Amino acid sequence: MEKTFYSNGKLLITGEYVVLDGAKALALPTRFGQSLHVYPGKDHQIHWKSFDHDNSIWFETSIAFDSILRKEQLEGPFDIKNTLIEILHEACQMNTDFLLESEGFQIETQLSFPKNWGLGTSSTLINNIAQWAQIDAFTLLKRSFGGSGYDVACAQHDAPIIYQLQNELPKVETISFSPSFSNKIYFIYLNQKRSSKAAIAAYMDKQGEIDKTITTINAITQRIITAPTPKEFAQALREHEIALSDVLEEMTIQEALFADFDGVIKSLGAWGGDFVMAIAKEDPTAYFIAKGYPIVVPYHKMILS
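Residues numbered from 1 in each chain as written. Predicted model: local features only at pLDDT ≥ 70, side-chain atom pairs only at ≥ 80, totals over all residues. Heavy atoms only, no water.

## Observations concerning the pairing of strand β7 (residues 169-174)
Two elements, strand β6 (residues 161-166) and β7, share 6 bridges in a ladder whose sense is antiparallel. Bridge pairing links Tyr 163 to Val 172 in β7. Joining the antiparallel neighbours β6 and β7 is a turn of 2 residues, in which Asn 167 adopts a positive phi near 55°. (Pairing = 2+ DSSP bridges. Helix = DSSP H or I, 4+ residues; strand = E, 2+ residues; numbered from the N terminus.)

Following this line, the structure appears as structure tokens:
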């Protein structure tokens, strides 16, 4: 039987890093995402094709059911295949029937955003596989990639969320967040992929007494959600950047790359990678293009509403 699953991409607006320690984080599902199409196959194998946003195939492989059950790990340039085997193995451990009741599968995944944008290639895959296998996506994430899980929550929700880990379990609250000044908010792609795992490891090495920072970030997150004016929204973003800068012992992205920007820029997710968010009185597209960053996406074209 043919089946199709879909998951939303994500952007983490507040609470990066400290969400791992229980801070409240504002996260927004994006208009972009990833689908997974399941077709009948044969020979007790999965033939897998992954398509980028332009319909080019960026990954293709065949995996025997036995390799998944044994969690086979190949030597050489097989990082993506090994990761896929690991995810499918953990899914099979959680629900063996989803794999063994079939003769085989033809799988196609389709991104609606360029895979290097960092909007959730992995989290949308995890959530789609979890839907296919009828298992809990957060557990599958924990047993494979790890991380806070906010991205999986965005994959599952079509509205802005407040995400928090309580006793290591996810708490997701959908909220109303639609700033009247969203026409002044833009997302800029830095064209610098930064490993989330590496960034998290660096954060863990540097964190000291984090409770005070969590209290600060929670308060700022609430101010960002309820800010009635662009000025108050921008001020809260600036304070969030300063608070995290102190913890991470890193310059803010605005200090490092855009010191002359007329507005406020905030890092999203792993500092220094993927997208940043900017708020400005005037359309800043020309400014960022001149700086060498041509991909500038207005709020209404990025965020699912």
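## Quick notes on the packing of helix α2 (residues 79-94) against helix α4 (residues 121-133)
Axis separation between α2 and α4 bottoms out at 10 Å; the angle between their running directions is 35°. Two packed elements cross with a definite hand, and for α2 against α4 that hand is right-handed. Along its contact with α2, which presents Leu 84, Ile 87, Leu 88 and Ala 91, the element α4 presents Leu 125, Ile 126, Ile 129, Trp 132 and Ala 133. Among the residues forming the contact of α2 with α4, the class breakdown is 9 nonpolar, no polar and no charged. (Axes fitted to C-alpha atoms, helices over the stretch in contact; angles between N-to-C directions. Left-handed = near helix turned anticlockwise from the far one by under 90°. Contact = heavy atoms within 4.5 Å. Nonpolar A, V, L, I, M, F, W, Y, C, P; charged D, E, K, R; others polar.)

## Regarding unusual backbone geometry
In this structure, Asn 167 takes a positive phi of about 55° despite not being glycine. The phi dihedral of Glu 249 falls on the positive side, at around 55°, and the residue is not glycine. Mapping Glu 249 onto the fold places it in the loop between α9 (230-248) and α10 (253-257).

## Some points on helix α8 (residues 211-226)
In this model α8 runs 23 Å from its N-terminal to its C-terminal C-alpha over 16 residues, within 8% of the 22 Å that 1.5 Å per residue would give. Here α8 has its buried residues at Thr 213, Ile 214, Ile 217, Ile 220, Thr 221, Ile 224 and Ile 225. Viewed end-on, α8 has its buried residues packed into an arc of 140°, placing them on one side of the element. Every exposed residue of α8 that faces more than 90 degrees away from the buried side is listed here: Asp 211, Lys 212 and Thr 215. (Expected span 1.5 Å × (residues − 1). Buried < 20%, exposed > 50% of the residue type's maximum accessible area, 1.4 Å probe, protein only. Arc of directions from axis to C-beta.)

## Quick word on the packing of aromatic side chains
Counted by the stated rule, this structure contains 17 aromatic pairs. Geometrically, the ring pair formed by Phe 258 and Phe 288 is edge-to-face, given 5.3 Å between the ring centres and 75° between the ring planes. Highlighted residues: Phe 258 in the loop between α10 and β9 (264-267) and Phe 288 in helix α11 (residues 285-290), separated in sequence by 30 residues. You'll find Phe 258 and Phe 288 in the same group, each marked buried. Centre to centre, the rings of Phe 261 and Phe 288 are 5.2 Å apart; their planes meet at 40°, and the pair counts as tilted. Taken as a pair, Phe 261 in the loop between α10 and β9 and Phe 288 in helix α11 lie far apart in primary sequence, 27 residues in all. By way of ring pairs, the aromatic residues Phe 258, Phe 261, Tyr 287, Phe 288 and Tyr 293 are connected into one cluster. (Phe/Tyr/Trp six-rings, centres within 6.5 Å; stacked < 30°, edge-to-face > 60°.)

## Re the sheet that holds strand β8 (residues 185-189)
Strand order in the open sheet formed by 4 strands is β9-β10-β8-β11, and the pairing between neighbours is antiparallel. Among the strands making up the open sheet, the edge pair consists of β9 and β11 (296-298). Averaged over all neighbouring strand pairs, the angle between strand axes comes to 30°, with direction disregarded. Of the strands in this sheet, β8, β9 and β10 (275-279) touch α9, which is tilted by about 45° from β9.

## Observations regarding the pattern of salt bridges
Counted according to the given criterion, the structure contains 8 salt bridges. For Arg 223, the salt bridge identified is with Glu 239, shortest N-O distance 2.7 Å. With Arg 223 in helix α8 and Glu 239 in helix α9, this residue pair connects regions lying 16 residues apart in the sequence. You can call Glu 239 partly exposed: its relative accessible area is 28%. (Salt bridge = Lys/Arg side-chain N within 4 Å of Asp/Glu carboxyl O.)

## Observations concerning the environment of Glu 249
According to the relative accessible area criterion, Glu 249 is exposed, its value standing at 61%. Distance from Glu 249 to Ala 159, taken between C-alpha atoms, is 33 Å for residues 90 residues apart in sequence.

## Digging into the pairing of strand β2 (residues 25-40)
By the criterion of burial, β2 is predominantly enclosed, with 12 of the 16 residues buried. Strand direction decides the pairing type here: strand β1 (residues 3-12) and β2, joined by 9 bridges, are antiparallel. Across the sheet, residue Leu 11 finds its bridge partner in β2, namely Leu 28. Pairing analysis gives 3 bridges linking β2 to β6, with the strands arranged antiparallel. By the bridge assignment for β6, Ala 27 is matched with Ile 161. Bridge analysis of β2 against strand β5 (residues 105-111) gives 7 bridges, and the strand direction is antiparallel. Considered in β5, the bridge of His 37 is made with Glu 108.

## Comments concerning the environment of Leu 244
Within the secondary structure, Leu 244 is located in helix α9. Note on Leu 244: relative accessible area 0%, which makes it buried. For the pair formed by Leu 244 and Ser 267, sequence separation is 23 residues and the distance between their alpha carbons is 9.9 Å. Residue contacts for Leu 244: discarding those within four places in its chain leaves Glu 16, Tyr 17, Ile 217 and Trp 271.

The quantities given are spatial measurements derived from coordinates; they are silent on function.
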